[in-house]
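# Structural overview for review
Here is how the chains run, residue by residue.
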Amino acid sequence: LFVQSRSSTILFYSDPDWASCTLGVFICLNCSGIHRKIPSISTVKSLRMDRWDEVQVQFLAQHGNAVAKATYEAHVPTYYYRPTHTDCQILREQWIRAKYERKEFTEPGNQSPYSNGLKEGMLWKRGRDNGQYLPRRFLLSEREGCLKYFAKQDAKEPKMVVKIDTVNATFQPEKTGNPNGLQITYLKDNKTRNIFVYHEDEKEIVDWFNAIRAVKFHYLKVAFPVASDQELTSRLTRNFLKEGYMEKTGPKQTEPFKKRWFTLDHRRLMYFKDPLDAFAKGEVFVGSSQHGYGVKQGLPSGTQGSFSWPFGITITTPDRDYLLTCELERDRQEWMAAFSHVIEQPMTPQEYASE
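The structure contained in this document is the topic of the report that follows. (Residues numbered from 1 in each chain as written. Predicted model: local features only at pLDDT ≥ 70, side-chain atom pairs only at ≥ 80, totals over all residues. Heavy atoms only, no water.)

### So, the pairing of strand S16 (residues 311-316)
To keep it simple, the criterion reads: For two strands to pair, DSSP has to find at least two bridges joining them. The secondary structure listing takes helices from DSSP runs of H or I that are at least 4 residues long and strands from runs of E that are at least 2 residues long, numbered from the N terminus.
Here four bridges tie strand S15 (residues 294-297) to S16, and the two strands are oriented antiparallel to one another. In the strand pairing of S16, Gln 297 is matched with Ile 313. Relative to strand S17 (residues 321-326), S16 runs antiparallel, the two being bridged by six bridges. Bridge pairing in S17 links Ile 313 to Leu 324. The antiparallel pairing of S16 with S17 creates a hairpin that spans four residues between the two strands.

### Focus on the nonpolar core
Test applied: We define the nonpolar core as a collection of buried residues of types Ala, Val, Leu, Ile, Met, Phe, Trp, Tyr and Cys that are connected through side-chain atoms lying within 4.5 Å of one another. Only protein chains enter the calculation, and the probe is 1.4 Å; a residue is then buried if its accessible area is under 20% of its type maximum, exposed if over 50%, and partly exposed in between. Should any heavy atoms of two residues lie within 4.5 Å, those residues are considered in contact.
Within the largest apolar cluster, 53 residues are counted, with the highest numbers of intra-cluster contacts made by Leu 140, Phe 171, Leu 182 and Ile 184. The leading source of residues in this core is helix H8 (residues 202-223), at ten residues. The contact partners of Ile 184, leaving out residues within four places of it in the chain, are Leu 147, Val 167, Asn 168, Ala 169, Arg 193, Asn 194, Ile 195, Val 197 and Ile 212. Core analysis: the next-biggest nonpolar cluster, separate from the first, contains 18 residues, Met 246, Val 286, Tyr 322 and Phe 339 among them.

### What about the packing of aromatic side chains?
The line we're drawing: By convention, a stacked pair of Phe, Tyr or Trp rings (six-membered ring in the case of Trp) has centres within 6.5 Å and planes under 30 degrees apart, an edge-to-face pair has planes over 60 apart, and any other such pair is tilted. Consider the ring centre and the ring normal. A charge sits over the ring if Lys NZ or Arg CZ is within 6 Å of that centre and within 35 degrees of that normal.
Taken as a whole and assessed by the stated rule, the structure comprises 18 aromatic pairs. A ring pair is formed by Tyr 80 and Trp 95, whose centres lie 5.9 Å apart and whose planes are at 35°; its orientation type is tilted. Taken together, the residues span a long stretch of sequence, with Tyr 80 in the loop between helix H4 (65-72) and helix H5 (89-101) and Trp 95 in helix H5 at a distance of 15 residues. Taking relative accessible area as the criterion, Tyr 80 reaches 5% and is therefore assigned buried. Ring-pair connections join several aromatic residues into one group, and the members of that group are Tyr 80, Trp 95, Phe 105 and Tyr 114. Above the plane of the ring of Trp 18 lies Arg 36, whose end atom (NZ or CZ) is 4.8 Å from the centre. Over the aromatic face of Phe 150 sits the side chain of Arg 137, whose NZ or CZ is 3.9 Å from the ring centroid.

### Let's talk about the sheet that holds S17
Operational definition: Fitting a line to C-alpha atoms yields each axis, with helices limited to the stretch in contact; the angle taken between N-to-C directions then spans 0 to 180 degrees.
Judged by pairing direction, the sheet is antiparallel, and its seven strands sit side by side in the order S14-S13-S12-S11-S17-S16-S15 without closing on themselves. Each edge of the open sheet carries a strand with a single partner, namely strand S14 (282-285) and S15. When the angles between neighbouring strand axes are averaged without regard to direction, this sheet yields 35°. In this sheet, S17 lies alongside strand S11 (residues 242-248) in antiparallel orientation, the contact comprising two bridges. When the sheet's bridge partners are listed, Lys 248 is paired in S17 with Leu 324. Against the sheet, helix H10 (residues 329-343) makes contact with S11, strand S12 (258-265), strand S13 (268-272), S15, S16 and S17, and its axis sits at roughly 160° relative to S15, the strand it touches most.

### A closer look at the pattern of salt bridges
Stated formally: The rule for a salt bridge is simple: a side-chain nitrogen of Lys or Arg has to be within 4 Å of a carboxyl oxygen of Asp or Glu.
Inspection of the entire model under this criterion finds 20 salt bridges. Between Arg 48 and Asp 17 there is a salt bridge; the shortest N-O distance is 3.0 Å. With Arg 48 in the loop between strand S3 (44-46) and helix H3 (54-62) and Asp 17 in the loop between helix H1 (2-5) and strand S1 (18-20), this pair connects stretches of sequence that are 31 residues apart. Note on Asp 17: relative accessible area 29%, which makes it partly exposed. Salt-bridge contacts for Glu 73 lead to Lys 99; the nearest nitrogen and oxygen are separated by 3.0 Å. Of the two residues, Glu 73 sits in the loop between H4 and H5 while Lys 99 sits in helix H5, which places them 26 residues apart along the sequence. One exposure class covers both Glu 73 and Lys 99, and it is buried. Through salt bridges with shared partners, a single ionic network connects Lys 37, Glu 93, Arg 97 and Glu 101.

### Quick word on the sheet that holds S1
Taken in spatial order, the three strands make up an open sheet running S2-S1-S3, and their pairing is antiparallel. The two strands at the open ends of the sheet, each matched to only one other strand, are strand S2 (25-27) and S3. With direction set aside, neighbouring strand axes in the sheet form an average angle of 35°.

### Focus: the pairing of strand S7 (residues 160-163)
Burial of the side chains of S7 is restricted to one face: Met 160 and Val 162 are buried, whereas none of Val 161 and Lys 163 on the reverse face is. Sheet topology places strand S6 (residues 146-150) next to S7; four bridges connect them, and they run antiparallel. Bridge pairing in S7 links Tyr 149 to Met 160.

### Concerning the environment of Thr 348
Its place among the elements puts Thr 348 in the loop between H10 and helix H11 (349-354). With 61 residues separating them along the chain, Thr 348 and Gly 287 place their C-alpha atoms 10.0 Å apart.

### Looking at unusual backbone geometry
Peptide bonds are mostly trans, and most non-glycine residues show a negative phi. For Lys 103, which is not glycine, the phi dihedral falls at a positive 50°. Looking at the secondary structure, you find Lys 103 in the loop between H5 and helix H6 (112-115). For Asp 189, which is not a glycine, the phi torsion comes out positive at approximately 55°. Summarising the element assignment, Asp 189 is placed in the loop between strand S9 (182-188) and strand S10 (191-198).

### Re the environment of Ser 42
Convention followed: N or O atoms within 3.5 Å of each other form a polar contact, as long as, within protein, one can give a hydrogen and the other can take it, and as long as residues adjacent in sequence are counted only when both atoms are side-chain atoms.
For Ser 42, the position within the fold is in the loop between helix H2 (29-35) and S3. Sequence-wise, Ser 42 and Ser 289 are 247 residues apart; in three dimensions their C-alpha atoms are separated by 51 Å. Contact partners of Ser 42, with chain neighbours within four places excluded, come to Ser 20, Thr 22, Leu 23 and His 35. One polar contact links Ser 42 to His 35, side chain to side chain, over a distance of 2.9 Å.

Purely geometric numbers; function is a separate question.
What follows is the structure in structure tokens.
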């Protein structure tokens, strides 16, 4: 029974050791902890350590992950984010609760909190200068194709208006120190602006995340009518390829190296004095190898700027070389892999124009 059923579609891993005997699905260790939070819906048992009676075994045999997927994921909207095992706890938990507890996808039209093209509400927003979180009213409109926020709840004019095509959203629980922390980025004068928000309710902040994806999806459907849904969903939101601290020196390559927080957002390499800064201190465009971009391990011989971290990286661009150092060899290898991944990809016409 167990060997046969393990070939069904599994949410995150291909070889689970746990199952829900009430839902009839096999689950991984990470998901088993979430299922235990909803005992009224799911009863979790170990496939190896717990005893299974005949009724439970037969129930599992008659159901399985493929049957559950056809039932509980029958009407998942194209734009809805389906988390993987690498995603944060809030996304994985709300996905499981949406499927099994709220049954949002069993019938069409159950996704009103994030699918009606308009969402308005209060979010706690981090101040750009003082770092203090204060409640702000946000408005997301498909008809206007934009995201707004207002400095005061009764304000008539928004403090910010952002076109939805430039908006990205990604959960950042570790960076923000809040399990519900969401980072919203957009382009302002061709520079990246960061906004950090959260909501106390896990479902509400995930609804905001999927509402942004929904509005952006419908915008792209109009802007690119011949593009497939798969092409469009890949452009809705994205996680950063790599983040972390490195040291860098200036263009003369004689200044002391300074510790900075780096974010690689596809072809934009940004560096910040603090991870939660609203604007980057600088941005570097990372193009393709066909256009003269490259990355190599180590620093040029005779590098004069003093540095504390020993593991160097040199990024080559048509204009200049950027010299960086990492604290650990593991960090260097991860950054090298991320840079190589970007540089090996051919540039699109849009990327070439923005170089």
